[in-house]
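Structural characterization, general
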Amino acid sequence: MSGHDDERRLAWAYLSTVTQGASRSLSAAVEAAGVLEVAAAIRSGSGLGELSSRYSVRAHLDTAARDLDRLGRAGGRLVTPDDDEWPAWQMLGFGTLDTATDAEGPPLALWVWGSRRIDDLAERAIGIVGTRAASGYGEHVTAEIAGDLAADGWTVVSGAAFGVDAAAHRAALGVGGTTVAILACGVDRAYPAAHTTMLRRISESGLVVSEYPPGTTPARYRFLARNRLIAALSAGTVVVEAGWRSGARNTAAWARRLGRPVMAVPGPVTSAASQGCHRMIREGEARLVGAARDIVEECGPLLACGDDDRDGLFRRDLDGLSGDMALVYEALPASEVCDPATVAESAGLPIERVRAALPLLELDGLVVATDGGWQRT
């Protein structure tokens, strides 16, 4: 790595520490002026107007070199938009949001613990979330679904909490599969502490990921922010058990906003732990699923098992498309290749929104990029 690359990584790490989370306006400033220039302006407290004022109270907290060194010695690293492994396609969904607060943008950078590439693991990933107070039924169903998905090569993404999250991670590990844990604290902090061993095992075969620098402690708002990353890094999100009000439903809401399919597993009608799932299904917020095969039909390809005549690949139900993704898909001819400008004209959308929607449709297995443009699969 060159000295210039090192300098840029230090700047990304510094901004990550100062911002303590997403900032649409800061990300826009970095895109416009460059990460080195923005980091220098934040340090000096001048040159960025309101942004400089907003971060002035934390501008002196420059622990970038120490954080990068400490995490590097533990087998981790900082992944930034400069890097080849940055999950750029997954992050495009944030650009399609009609309305969003400054804190609802993509992460500035990602701190990861583990040797696997994050873009590779996110290419075929399913988020599985649910209540911390999971019932025996919830843990059993979670283990069945996560284990089957992981055995078939899907990455299981969850939040490392008690209950459904832990059952999903452990099931993936149990079949020798891959799982990613998204934390609401620094990746150097095991939270909850009882999951120290589990998180270490995840880092050995998958990844532990956070947008917060090492040393950051958990906080309620960070859990809510963490939920959007689970949704963003997954091709779809499954809720196994969720109460009437729950963080799992917040994750599902993020998946819908990002244009990803949302699924829910029904439970006993007498179970309070499943009332959130039942409500999502009843109100059309989620598709009912009961097994890994149902989930794959919604989210991506899976070779048929030979027990029916569907010998090809499954494809996600088009009824789940909405907004720009639906307009762009409908604007594509059934068999011809189209360039983005032609699609934009047919869909009646600005070309930048078409360019943002096409990779998301490709991620869902609905379109494919060719030398001459894009076409339906």
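Residues numbered from 1 in each chain as written. Predicted model: local features only at pLDDT ≥ 70, side-chain atom pairs only at ≥ 80, totals over all residues. Heavy atoms only, no water.

**Concerning helix α14 (residues 292-299)**
Residue pairs three or four apart in sequence face the same way in an α-helix, which turns once every 3.6 residues. Within α14, the full set of buried residues consists of Ala292, Ile295, Val296, Glu298 and Cys299. Looking straight down α14, one finds that the buried residues subtend no more than 160° of arc, so they occupy a single side. For α14, the elements touching its buried residues are β3 (125-129), α8 (136-151), β7 (237-239), β8 (262-264) and β9 (287-288). (Buried < 20%, exposed > 50% of the residue type's maximum accessible area, 1.4 Å probe, protein only. Helix = DSSP H or I, 4+ residues; strand = E, 2+ residues; numbered from the N terminus. Arc of directions from axis to C-beta. Contact = heavy atoms within 4.5 Å.)

**Topic: the nonpolar core**
By size, the foremost hydrophobic cluster in this structure holds 35 residues, and its most contacted members are Tyr14, Leu15, Leu26, Ile42 and Leu199. Mapped onto this core, the elements with two or more residues apiece are α1 (3-19), α2 (24-33), α3 (35-44), α5 (64-73), β2 (110-113), α9 (164-174) and α10 (196-205). Counting residues per element, this core draws most heavily on α1, which supplies six residues. In this structure, Leu199 is in contact with Trp113, Ala160, Ala181, Leu183, Ala190, Tyr191 and Val208, ignoring residues within four places of it in sequence. (Core = buried A, V, L, I, M, F, W, Y, C linked by side-chain atoms within 4.5 Å.)

**Remarks on the packing of aromatic side chains**
For the coordinates displayed, the defined rule picks out two aromatic pairs. The interplanar angle of 55° and the centroid separation of 5.8 Å between the aromatic rings of Tyr191 and Phe223 together place this pair among those described as tilted. One end of the pair, Tyr191, is in the loop between β5 (179-182) and α10; the other, Phe223, is in helix α11 (residues 220-232), and 32 residues separate them in sequence. Residue classification places Tyr191 among the partly exposed residues on the basis of a relative accessible area of 40%. If you follow Arg43 out to its NZ or CZ, it ends over the ring of Tyr14, 4.2 Å from the centre. Of note, Arg222 hangs over the ring of Tyr212, and the distance from its end group to the ring centre comes to 5.3 Å. (Phe/Tyr/Trp six-rings, centres within 6.5 Å; stacked < 30°, edge-to-face > 60°. Lys NZ or Arg CZ within 6 Å of the ring centre and 35° of its normal.)

**Things to note about the sheet that holds strand β6 (residues 207-210)**
If you walk across this open sheet you meet the nine strands as β1-β2-β6-β5-β4-β3-β7-β8-β9, and the pairing is mixed. In this open sheet, the two edge strands, each paired with only one partner strand, are β1 (76-79) and β9. Of the strands in this sheet, β2, β5 and β6 are in contact with α10, which crosses β6 at around 105°. Packed on one face of the sheet, α14 meets β3, β7, β8 and β9 and runs near 165° to β8. (Pairing = 2+ DSSP bridges. Axes fitted to C-alpha atoms, helices over the stretch in contact; angles between N-to-C directions.)

**Observations regarding the environment of Gly45**
With respect to the helices and strands, Gly45 occurs in the loop between α3 and α4 (50-54). For the pair Gly45 and Arg124, spaced 79 residues apart in sequence, the C-alpha to C-alpha distance is 42 Å.

**Considering the side chain of Thr17**
Among the secondary structure elements, Thr17 is positioned in helix α1. Its relative accessible area of 6% is what places Thr17 among the buried residues.

**A few points about the confidence of the model for the protein**
Residue-level pLDDT values for the protein average 88, and 93% of them are 70 or greater. For residues 301-317, every residue scores under 50 in pLDDT, and the model assigns this stretch 42 contacts once sequence neighbours within four places are set aside. (pLDDT = per-residue confidence, 0-100.)

**Focus: the pattern of salt bridges**
Two side chains of opposite charge can pair, provided their charged atoms sit close to one another. Taken as a whole and judged by the stated rule, the model has 19 salt bridges. Across the salt bridge formed by Glu85 and Arg77, the nearest N and O atoms sit 3.0 Å from each other. Residue Glu85 is classed as buried on the basis of its relative accessible area, which comes to 11%. Here Arg256 makes a salt bridge to Glu285, at a shortest N to O gap of 3.9 Å. Separated by 29 residues along the polypeptide, Arg256 in helix α12 (residues 247-257) and Glu285 in the loop between α13 (275-282) and β9 bring together distant segments of the chain. Under the relative-accessibility criterion, Arg256 is labelled partly exposed at 33%. (Salt bridge = Lys/Arg side-chain N within 4 Å of Asp/Glu carboxyl O.)

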